[in-house]
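Next come the chains, spelled out residue by residue.
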Amino acid sequence: MTFMNNNANIKQFQLIKIINENCSDDHVITKISIILRRDKIEAPYYMDTNIKLSSCIDKEENGLIHAMDMLNHNRRYNLTEDTYNEIRSLIIDKFEDNHESDQVKILEKNQQLKISLMSRNDDEIRNLFKNYHEIFDKIDNLIE
């Protein structure tokens, strides 16, 4: 992960894991969306990832006193058919047992598969990484 030159390739899921592991704030909110598409003519196999991190600081007697966006990272990928199918299979395998909850939402329609993952605290983001690390690693490894 190089930040100081023009060839910076941020492995986004590794980055949010590092931020989460090194942040002392109890209220880091993470929202991850992954969209797989195969409806574009010029790039038939396509993926869009978006990661947002926010931090909230509160006081028991005063409620919420500060909310701050820490990171908003979006990346678009043109995929080969094989890579698209591999990522799609990983996602379907992980979610085939109806993993939908308040933390995970899945939408599939019109040649588009969208997954939204959300965590509201440290334990929830660790759970997401524990349960879906294969998907995150596969996507991060598309970047060299």
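Our subject is the structure listed above.
These figures come from a predicted structure and were not determined experimentally.

**Student:** Looking at this structure, I do not really get the pattern of salt bridges. What am I missing?
**Tutor:** Close approach of charged atoms allows side chains of opposite charge to pair. One pass over the full model with this rule turns up two salt bridges. Linking Glu86 and Lys138 is a salt bridge whose minimum nitrogen-to-oxygen distance equals 3.2 Å. Highlighted residues: Glu86 in helix H2 (residues 81-95) and Lys138 in helix H3 (residues 122-140), separated in sequence by 52 residues. The class for Lys138 is partly exposed, based on a relative accessible area of 22%. With its nearest N and O atoms 3.4 Å apart, the salt bridge here joins Glu134 to Lys94. Remark: Lys94 occurs in helix H2 and Glu134 occurs in helix H3; sequence separation between them is 40 residues. The exposure class of Glu134 is partly exposed, given its relative accessible area of 37%.

Analysis parameters
Residues numbered from 1 in each chain as written. Predicted model: local features only at pLDDT ≥ 70, side-chain atom pairs only at ≥ 80, totals over all residues. Heavy atoms only, no water. Salt bridge = Lys/Arg side-chain N within 4 Å of Asp/Glu carboxyl O. Helix = DSSP H or I, 4+ residues; strand = E, 2+ residues; numbered from the N terminus. Buried < 20%, exposed > 50% of the residue type's maximum accessible area, 1.4 Å probe, protein only.

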